[in-house]
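Geometric and topological summary
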Amino acid sequence: MSGIGDNMRLFWKIWKIIFKVAFFPTVLMLLLLIVSGALTGVLTYCLNLLFQNVYLYLQNEATLQQVILFGGIVGGLYLLEYLLKIMLVFIRPNFLEKIKINVLNNVHQSISLIPMEEYENLSIYNDIYMVNNFVNGPHFMIFFFGSLSIITTIISLVSIIVALALFSPWLILIALLSILPIFILRLVRGKQYYQMQVYQAPKQRFLNYLFSLFIDPFSLREMRCYGFNDYLEQKWVELNKDVTNEEFCFTKKSSLYQLGADLFKTFGLALAIVLIIILTFNNKITFGQFGTSLIIFRNVQSSFHSILNQLAQIASKMPYLGKVFIIFDKAKQYQEIGKNQFENFNENIELENVSFYYPSSNHKVLEDINLKIENGKLIAIVGENGAGKTTLVKVLMGLFKPTSGVVKYDGVDINYYQSQSITNDTSAVFQNFTRYALSLRENVAISDIRNIDNDDKIISCLEQVDLTDLLQKCNYQLDCNLRKDFGGLELSGGQWQKVAIARGIFRQSNLIIFDEPTAAIDPLLENKIFALFKELTKDRTSILVSHRIGPTKMADEIIVLEKGRIVEKGTFKELMDLKGKYYELYTLQAQWYQE
């Protein structure tokens, strides 16, 4: 986003959120800042009176009591200023943290509304990375406190400008012009810094990824085995050096420009001193006012510097703020206000002429899929790697919206329903499951939070997937934490997969999907899991995706995918008699179990 109008709209948008989140703290802080700003002007005026009375006292034209009186007033004002600063110090941290948490919460909610297929686009990751850096890093704090501080500075500036104008209006002009180069520099370099951050976002994300490999036990295992840790370390060092050099070159140029701007500011101060000396010699101001006028000039110059600097900093943070609202606005496109709630399956799931390709590609992953899954039936989907099996499952679940064609539940287009209500009636165990650094209880019951305290059900699910040994290791304490890197128990790959399966069967749903759920499990337990799967899926619509052909014999119907198209479908006997693709896959795998 660019332009003053766009920036102002962004500015008011974020401040609406701030007032909504913390109205009273915001108003209190604004009042304190207004008082603090006004206090600066009053303090400047009283200092002028104090200096004048000291000068007059030395000329025997004022009493000591007058000097003490104004000295006491100035001291009291300084004390009040200090107390205001203390109050602001106490208010600011919690205040800012509350707002940051709310903004991040809005970001997380917005991300959850963005369709899954959008995450195949690299730009969404870069946008999220920059938004996270903006809110959690220094940028948001600079923007927030810069916006507040500018109020104080403007109020104090107005009051001291009046005082400086009494000496000479030219001093005000000199103070303003001497600061303009710094303002222009901050505006230009701020925009260039943002552009550098956009350019570096993929590099920074990759640096974080490389670093994570050095602390991940699975990647460390391979590093030690193959001895490529030095290679990855060198890769990290070179990329880090590249990023650091870019930042150093930027900082070096900025420092040189800043030096020139500071010299111009110093020249402005020297010019003001000359003008004040001339005014003193011409009896326009008294010798006692000489020091006061110089102090006020420095304050005006400093205030101009502060205001323009804050304006430049706010302007430089606007593109980051724009990224925040890009995420918010993108989520709004997919809000489902007014859509109906889906209850449960009664008849069938139907795909009519469904095709799908990812936003970043023109290659169709699925093409002209026509499929009908009757309620209560067990469907197996088979095919070679890259055939589109997992993508088809995600389209069936409503996680991916088809590029063309229609997905219907009980004869109704699923776009008629809220997407979350559809997944509420679905359980799924994916091959690439997540190993949550949470308790054993949470790892299982997170699929159905409403029953998280149902210990008997959790234990039953764990026992069904042969994790009795894990329960014994935890002394049947379900709140024991998992993952060694967070101080919990470390599980084997097979145990983690069993936990994922327990999580899938814990949720009571009418549609259950197993997508390559037994890749890390031994054949004996695999047979047990598939038998359990068949038992659990009685009278429930169920889908089994597997590269192992044998277990698919139990399915009511088998779907064979090849290059995103359904090339065969039927029962085990029908497909074996056909002697087509399924027969080929079955016989190839059977050879491994024959002498």
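Report follows, based on the coordinates. As the structure is a prediction and not an experimental result, all values here were calculated from the model.

Looking at the sheet that holds strand 10 (residues 565–570)
Strand order in this open sheet of 6 strands is 6-7-8-3-9-10, and the pairing throughout is mixed. Single-partner strands in this sheet number two, and they are strand 6 (426–429) and strand 10. Across the sheet, the axes of successive neighbouring strands diverge by a mean angle of 15°, strand direction being ignored. Where strand 3 (residues 378–382) lies against strand 8 (residues 541–545), 4 bridges are found, and the strand directions are parallel. In the strand pairing of strand 8, leucine 378 is matched with serine 542.

Focus on the packing of helix 4 (residues 122–136) against helix 6 (residues 169–213)
Where helix 4 contacts helix 6, the two axes come as close as 10 Å, and the packing angle between them is 100°. Between helix 4 and helix 6, the crossing angle belongs to the class labelled roughly perpendicular. Contacts between helix 4 and helix 6 involve Leu122, Tyr125, Asn126, Tyr129 and Met130 from the former and Tyr194, Gln197, Val198, Ala201, Pro202, Gln204, Arg205 and Asn208 from the latter. For the contact of helix 4 with helix 6, a count of residues per class yields 8 nonpolar, 4 polar and 1 charged.

Observations regarding the side chain of serine 542
With respect to the helices, strands and loops of the structure, serine 542 is situated in strand 8. Note on serine 542: relative accessible area 1%, which makes it buried. Dropping the residues within four chain positions of it, serine 542 is found in contact with Lys377, Leu378, Ile379, Ile512, Phe533 and Thr537.

A word on the packing of aromatic side chains
The description of an aromatic ring pair rests on the distance of the ring centres and on the angle between the ring planes. Counting across every chain of the model gives 13 aromatic pairs. With 5.3 Å between their ring centres and 80° between their planes, phenylalanine 23 and phenylalanine 24 make a pair best called edge-to-face. Looking at phenylalanine 23, the relative accessible area reads 43%, which means it is partly exposed. Directly above the ring of phenylalanine 250 sits arginine 189, whose terminal nitrogen or CZ lies 4.1 Å from the centroid. It is lysine 457 that lies over the ring of phenylalanine 506; its NZ or CZ is 4.7 Å from the centre.

With respect to the nonpolar core
Counting 55 residues, the largest nonpolar core has Ile14, Val103, Phe144 and Leu148 as its most contacted members. Of all the secondary-structure elements, those providing two or more residues to this core are helix 1 (4–21), helix 2 (23–58), helix 3 (64–113), helix 4, helix 5 (138–165), helix 6 and helix 9 (287–333). Counting residues per element, this core draws most heavily on helix 3, at 14 residues. If you look at the next biggest cluster of nonpolar residues, it comprises 44 residues, including Phe433, Leu482, Ile505 and Leu532.

Quick look at helix 8 (residues 229–281)
The end-to-end C-alpha distance of helix 8, which contains 53 residues, comes to 75 Å, matching closely the 78 Å that a straight helix rising 1.5 Å per residue would cover. Phi turns positive, to about 60°, at asparagine 283, one or two residues after helix 8.

Some words on the pairing of strand 8
Each regular strand displays side chains that alternate between the two surfaces of the sheet. Most of strand 8 is tucked away, with 5 of its 5 residues classed as buried. Taking every second residue as pointing to the same face, both faces of strand 8 are buried, with Thr541, Ile543 and Val545 on one and Ser542 and Leu544 on the other. When strand 7 (residues 511–515) meets strand 8, the two strands line up parallel, connected through 5 bridges. Along strand 8, the bridge assignment pairs phenylalanine 514 with leucine 544.

Brief notes about the side chain of serine 178
Tracing the backbone shows serine 178 in helix 6. Here serine 178 is in contact with Phe264, Lys265, Gly268 and Gln301, once residues within four sequence places are set aside.

Points about unusual backbone geometry
For aspartate 410, which is not glycine, the phi torsion reads 50° and is therefore positive. Locating aspartate 410 in the fold gives a position in the loop between strand 4 (404–409) and strand 5 (412–413). Its identity as a non-glycine residue notwithstanding, asparagine 475 has a phi of 55°, on the positive side. For asparagine 475, the location among the structural elements is in the loop between helix 14 (468–473) and helix 15 (493–506).

Here we look at helix 2
For helix 2, spanning 36 residues, the distance from its first C-alpha to its last is 52 Å, which sits close to the expected 52 Å at 1.5 Å a residue. A positive phi of about 60° marks asparagine 60, the residue just after helix 2.

Remarks on the sheet that holds strand 1 (residues 348–356)
One open sheet holds the 4 strands; their spatial order is 2-1-4-5, and the pairing between them is antiparallel. Of all the strands in the sheet, just strand 2 (366–374) and strand 5 have a single pairing partner and so form its edges. Pairing geometry for strand 1 and strand 4, over 5 bridges, is antiparallel. By the bridge assignment, leucine 351 is partnered in strand 4 with valine 407. Across the sheet, helix 10 (residues 389–397) touches strand 1, strand 2 and strand 4, and the angle it forms with strand 1 is around 125°.

Parameters at a glance
- Residues numbered from 1 in each chain as written.
- Predicted model: local features only at pLDDT ≥ 70, side-chain atom pairs only at ≥ 80, totals over all residues.
- Heavy atoms only, no water.
- Pairing = 2+ DSSP bridges.
- Helix = DSSP H or I, 4+ residues; strand = E, 2+ residues; numbered from the N terminus.
- Axes fitted to C-alpha atoms, helices over the stretch in contact; angles between N-to-C directions.
- Parallel < 35°, antiparallel > 145°, perpendicular 65-115°, else oblique.
- Contact = heavy atoms within 4.5 Å.
- Nonpolar A, V, L, I, M, F, W, Y, C, P; charged D, E, K, R; others polar.
- Buried < 20%, exposed > 50% of the residue type's maximum accessible area, 1.4 Å probe, protein only.
- Phe/Tyr/Trp six-rings, centres within 6.5 Å; stacked < 30°, edge-to-face > 60°.
- Lys NZ or Arg CZ within 6 Å of the ring centre and 35° of its normal.
- Core = buried A, V, L, I, M, F, W, Y, C linked by side-chain atoms within 4.5 Å.
- Expected span 1.5 Å × (residues − 1).

That's the geometry; what it means functionally is another story.
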